[in-house]
Amino acid sequence: MVLLLMLIVLAMHIFILHNILHFEWGTAAKDAVTSCLILGIAAWGIILLIRAYPTTAVITLYGLFMALVISTATAITEYETLKLFVATDNVNYQLWLKQTVAVRFLFIWIFNSWVSTVSALRKNITNLDARFQQQTDASILLKEAELFKLRQQLQPHFLYNSLNSINALITIAPGKAQEMIGKLSDFLRSSVKRESEDTLPVSEELEYIQSYLAIESVRFGDRLRVRFEKEYTDDAVIPPFLLQPIVENAIKFGLYGSTGVVTITVHIVLEGAMLMITITNPYDADTQPPRGTGFGLEGVQRRLYLLYARADLLETKKDGKYFTTILKIPQHHV
Amino acid sequence: MYKVILIDDEPLARQLLKSLLEPYKQVEVVAECGDGFEGFKAIQELNPDLIFLDIQMPRLNGFEMLELLDNPPAVIFTTAFDEYALKAFESHAVDYLLKPIVKDRFEKAMQKWLQQATNKDRPQVSALLENNIYEGYQHRIVVKDNSLIRIIPAQDIYYIEANDDYIKIVTKDGSYLKKSTLSHLEQTLDPQQFVRVHRSYLVPVTQLMRIEPYEKESHIALLHCGAKVTVSKSGMAKLKTLLGW
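All values derive from a computational prediction rather than experimental measurement. (Residues numbered from 1 in each chain as written. Chains lettered and ligands numbered in written order. Predicted model: local features only at pLDDT ≥ 70, side-chain atom pairs only at ≥ 80, totals over all residues.)

A. Spotlight on the overall build of chain A. In terms of helices and strands, chain A carries 10 helices and seven strands. Buried positions account for 28% of the 334 residues belonging to chain A. In chain A, 74% of the contacts between residues at least 6 apart in sequence involve partners at least 24 apart. (Helix = DSSP H or I, 4+ residues; strand = E, 2+ residues; numbered from the N terminus. Buried ≥ 20, exposed ≤ 12 C-beta atoms within 10 Å, placed from the backbone. Contact = placed C-beta atoms within 7 Å.)

As structure tokens, this is what we get:
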């Protein structure tokens, strides 16, 4: 491509010199080849200089400056070379060469500036591309690490407390202890299985929540009641490990706010392309639990942001005696 | 006969402790409580020698309950908290038991306590509360108001003033005294919200209305509630970094 372009320029150069300015074929060819060769070397030099420039800061300015310096050198070299090899005994050509020095320099300068600008811009773009790629990679890694960590945070407290309950049941009610071990194993098994899933059918997530609640109600006895209200289709989906911390939070808020029976409501409805899950628990404004104890809603918020890049999918409301958490899951997310 | 009180919100957890205590004939469980309020009342009425205390509980948590006691009994913490967090108060409590509680570990803790019970200079649990034992920052302060327990949300606080061994918490509903120190509160409250502007004052940033120069090197802060507090040179520097002046 570059070679072809050079040949065309070369041919035009010869043609103009021979047919319009009436030089001999030999003189015209020599002038053309020399000029093109020298200009080519200069342009190549500029490209190399730009590539070797360590940063992209003020690279365009640097390029233009180098183009000016190199153009001056090129023009002088071209003039001297032509005078030495082409204009030996051609007085006519000698005269013409002297007259065109300024024009030649101008042409060389414009050409070199163009080359330098283009290669500077190219270098800039490549650099930006690389940086962008690097940032994308880093944020993907960070995202995965964070998701993993957030999932890890869900379990230990709950697990240890459950084991403690089983420990108590072993002596008082061995049958119940066995039942509890079964429930706990079911829960853990589905936790492990779900690690690899991106989204799950809502019905599956609810089964998981039920097995979680079965264990919690053994721990807290009659004090805990949970009511489900469902209006959704079978194809509604939800990412794993989002609902459970919210239910856990509702239980904590509810049970830690009073010493009586606590009813938690989970209302699920599909509204267009959005699955709306509303969790309500009673709450005592005077004795709200001290925050910063455990996992809580910040983790859910963070996960939602990482998954959907939206900060408006989790809402909480305090309304007299009730605390409401609304979780929205976009259904047609790619 | 030693008197013991069990404080845990899970009935089964209390049941477990009771059955583990059965072989100890010199010990009697005098009360079982499901939250910090009940625990506080029972301790004041029955004056036990030892309590088993869970940390996460309804209404008033274990630490908050301890803070309110003038003369706390010996404590064995029982919790599912991770070990790391518990190491911090190892030296102040008799012991701590991680849930699930197993028999061997329980017996060791009891032995430790029985030894200390005959020894007069046992570690004081109140000293523990001087350290920052909480996970994250607190958003409320618990105080005793006559015989009532009052929970003050952090956003209701106008300012907190040091007063000898006590601190005075000034709120929209009046002021309360509590046996604590400003440095303890400075550590437990969110430093983005509460600034120690002076040796004797801890002020919520949202309360600041105006700051005026006063004497050499010190300032006076005018609060929204109408009060004026002195701001020291270092307090001014803290405000400047926090508010980005």
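So, next bit.
B. Up close: the overall build of chain B. Helix and strand counts for chain B stand at eight helices and 15 strands. When the 245 residues of chain B are sorted by exposure, 38% land in the buried category. Restricting the contact set of chain B to residue pairs at least 6 apart, pairs at least 24 apart contribute 52%.

C. Representation of the pairing of strand S1 (residues 2-7) of chain B. Residues and elements named next belong to chain B. In this structure, S1 lies alongside strand S2 (residues 27-33), joined through six bridges in parallel fashion. Residue pairing for S2: Lys-3 is matched across the bridge by Glu-28. When S1 meets strand S3 (residues 50-53), the two strands line up parallel, connected through four bridges. Counterpart to Leu-6 in the pairing with S3 is Phe-52. (Pairing = 2+ DSSP bridges.)

D. Broad picture of the environment of A:Ala73. All names here are of chain A. Here Ala-73 shows up in helix H3 (residues 59-85). Exposure remark for Ala-73: the 14 C-beta atoms within 10 Å place this residue in the partly exposed category. Sequence-wise, Ala-73 and Phe-105 are 32 residues apart; in three dimensions their C-alpha atoms are separated by 9.4 Å.

E. Local environment of the confidence of the model for chain B. Residue and element names in this part refer to chain B. For chain B, mean pLDDT is 86; residues scoring 70 or higher make up 89% of the total. By mean pLDDT, helix H4 (residues 83-87) is the weakest element of chain B at 57, and S1 is the strongest at 96. The complex prediction reports pTM at 0.64, with the ipTM value standing at 0.73. (pLDDT = per-residue confidence, 0-100.)

F. Here's a closer look at the sheet that holds strand S15 (residues 228-231) of chain B. All names here are of chain B. The strand order across the open sheet formed by three strands is S13-S14-S15, and the pairing between neighbours is antiparallel. Strands at the two margins of the open sheet, each flanked by one partner only, are strand S13 (208-214) and S15. The mean angle between the axes of side-by-side strands here comes to 30°, regardless of whether they run parallel or antiparallel. Relative to S15, strand S14 (residues 218-223) runs antiparallel, the two sharing four bridges. Its bridge partner lying in S15, His-219 is registered against Val-231. (Axes fitted to C-alpha atoms, helices over the stretch in contact; angles between N-to-C directions.)

G. Expanded view of the sheet that holds strand S4 (residues 262-271) of chain A. Residues and elements named next belong to chain A. Pairing in this open sheet of five strands is mixed, and the strands run S2-S4-S5-S7-S6 from one edge to the other. Because the sheet does not close on itself, it has two edges, and the strands there are strand S2 (224-231) and strand S6 (314-319). This sheet shows a mean twist of 15° between the axes of neighbouring strands, independent of strand direction. Most of the contacts of helix H8 (residues 202-220) go to S2, to which it runs at about 170°, and overall it touches S2, S4 and strand S5 (274-282).

H. Representation of the pairing of strand S4 (residues 74-79) of chain B in the model. Residues and elements named next belong to chain B. Burial analysis of S4 places six of its six residues in the buried class, which makes it a mostly covered element. With burial as the criterion, each face of S4 is covered, one bearing Ala-74, Ile-76 and Thr-78 and the other bearing Val-75, Phe-77 and Thr-79. Where S3 meets S4, four bridges bridge the pair, whose relative direction is parallel. Paired with Leu-53 across the strands is Phe-77, a residue of S4. Taken together, the four bridges between S4 and strand S5 (residues 95-98) define a ladder with parallel strand orientation. Opposite Thr-79, over in S5, you have Leu-98 as the bridge partner.

I. Local environment of H3(A). Between its first and last C-alpha, H3(A) extends 37 Å over 27 residues, near the 39 Å set by a 1.5 Å rise per residue. All of the buried residues in H3(A) are A:Ile59, A:Gly63, A:Ala67, A:Ile70, A:Ser71, A:Thr74, A:Ala75, A:Glu78 and A:Leu82. (Expected span 1.5 Å × (residues − 1).)

J. Molecular detail of unusual backbone geometry. Residue and element names in this part refer to chain B. Cis geometry is found at the peptide bond from Lys-99 to Pro-100, where omega equals 0°. Although it is not a glycine, Glu-215 sits at a positive phi angle of roughly 50°. Structurally, Glu-215 is set in the loop between S13 and S14.

K. Just the packing of helix H6 (residues 156-172) of chain A against helix H7 (residues 174-194) of chain A, in detail. Residue and element names in this part refer to chain A. Running from N to C, H6 and H7 point in directions that differ by 155°, and their axes come no closer than 7 Å. Judged on the interaxial angle alone, H7 and H6 are roughly antiparallel. When you trace H6 past H7, the crossing you get is left-handed. From H6, Ser-162, Ser-165, Ile-166, Leu-169 and Ile-170 reach across to H7, where they touch Pro-174, Lys-176, Ala-177, Met-180, Ile-181 and Leu-184. Tallied by class, the residues present in the contact of H6 with H7 amount to eight nonpolar, two polar and one charged. (Parallel < 35°, antiparallel > 145°, perpendicular 65-115°, else oblique. Left-handed = near helix turned anticlockwise from the far one by under 90°. Nonpolar A, V, L, I, M, F, W, Y, C, P; charged D, E, K, R; others polar.)

L. Spatial organisation of the environment of A:Tyr232. Residues and elements named next belong to chain A. With respect to the helices, strands and loops of the structure, Tyr-232 is situated in the loop between S2 and strand S3 (237-238). Here Tyr-232 falls in the partly exposed class, since 19 other C-beta atoms lie within 10 Å of it. Sequence-distant contacts of Tyr-232, that is, excluding residues within four places in its chain, are made with Val-202, Ile-268, Val-269, Leu-270 and Leu-275.

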